[in-house]
Amino acid sequence: MRMSRLLLLCVLCALSVSLCSAACAEVDSDTEAVAGGQFKLGCVSCKMRGEVEATAIVDWMFRARGEADFVHIYTYDGDASRVIDERFQDRMAWHGSKNTYDLQDTSVDLLNVTFNDSGVYLCIINRVLSYKHYEYTTIINKTVELTVVAKATRSTASIVSEVMMYVSIIGLQLWLLVEMIYCYRKIAAAGEEALRASAAEYLAIASESKDNCAGVQVAE
């Protein structure tokens, strides 16, 4: 029984890394797109309490370079999306949370990028949190300042982000390796203890049987 519990502990240790990776993480959007390609306008807003039910509607606004005001270009409510500005017609697609009204990843894809797409994009998330006796509305704003270039370039930020990603992966693997070694040693120690207990029990039974046989012989 003890060995089975330790084995279960090892399995939970191995699964904990994947469970952590499934958690919501707010990551800043890239800010450089290549003309003629596809670009993801990233916008992620994680709930502070995951157990609270919620619904959300997201609106994307755009202010082109040289313009003073934002214009409404896109909306999504969990069921359907709608491109509002004709400049983005057939060029915007939902890339966020799927099959849910609880939108936390509200990113969109910008297709067939042009130089006129340079500017500031504003992501507005209108979230309603449903508690037992009341509802609470929050509005989250996130901006993406997009620059469109003819050829992709690697910024210092992207290089640092990539390095940190690999460091995180290596760190998680080392942590998992340490946990597996720890679990293996616990299982091995439990196995040795079980063998010793079995041997002691066998010797005790054998000694008792020997004493019983000797008593029978004396009685005869």
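Whatever comes next refers back to the structure up there.
What you are looking at is a predicted structure, and each value in this text was computed from that prediction instead of being measured. (Residues numbered from 1 in each chain as written. Predicted model: local features only at pLDDT ≥ 70, side-chain atom pairs only at ≥ 80, totals over all residues. Heavy atoms only, no water.)

Novice: Looking at this model, I keep getting lost on the side chain of Asp117. Mind explaining?
Specialist: Tracing the chain through its elements places Asp117 in the loop between β7 (108-110) and β8 (119-130). For Asp117, a relative accessible area of 2% translates into the label buried. In terms of polar contacts, Asp117 uses its side chain to reach the backbone amide nitrogen of Thr114, at 2.9 Å. Once residues lying within four places of it in the same chain are set aside, the contact partners of Asp117 are Phe62, Phe88, Arg91, Leu110, Asn112, Leu146 and Val148. (Helix = DSSP H or I, 4+ residues; strand = E, 2+ residues; numbered from the N terminus. Buried < 20%, exposed > 50% of the residue type's maximum accessible area, 1.4 Å probe, protein only. Polar contact = N/O pair within 3.5 Å; in protein donor to acceptor, adjacent residues only side chain to side chain. Contact = heavy atoms within 4.5 Å.)

Novice: Can you walk me through the environment of Ser118 in this structure?
Specialist: Residue placement: Ser118 occurs in the loop between β7 and β8. Judged by its relative accessible area of 6%, Ser118 is buried. For Ser118 and Val149, which are 31 residues apart along the polypeptide, the C-alpha to C-alpha distance reads 9.1 Å. Residues in contact with Ser118, not counting those within four places in the same chain, are Phe62, Ala64, Arg65, Leu146, Thr147 and Val148. Within the structure, Ser118 has its side chain in polar contact with the backbone nitrogen of Val148 (distance 3.1 Å).

Novice: Explain unusual backbone geometry here, please?
Specialist: The phi angle of most residues is negative, glycine excepted, and most peptide bonds adopt the trans form. You will see that Asp90, though not glycine, has its phi angle at about 65°, which is positive. You can see Asp90 is positioned in the loop between β5 (81-83) and β6 (92-94). With a phi angle near 55°, Asn99 is a residue other than glycine that sits in the positive phi range. Along the polypeptide, Asn99 turns up in the loop between β6 and β7. For Asn99, a relative accessible area of 83% puts it in the exposed group.

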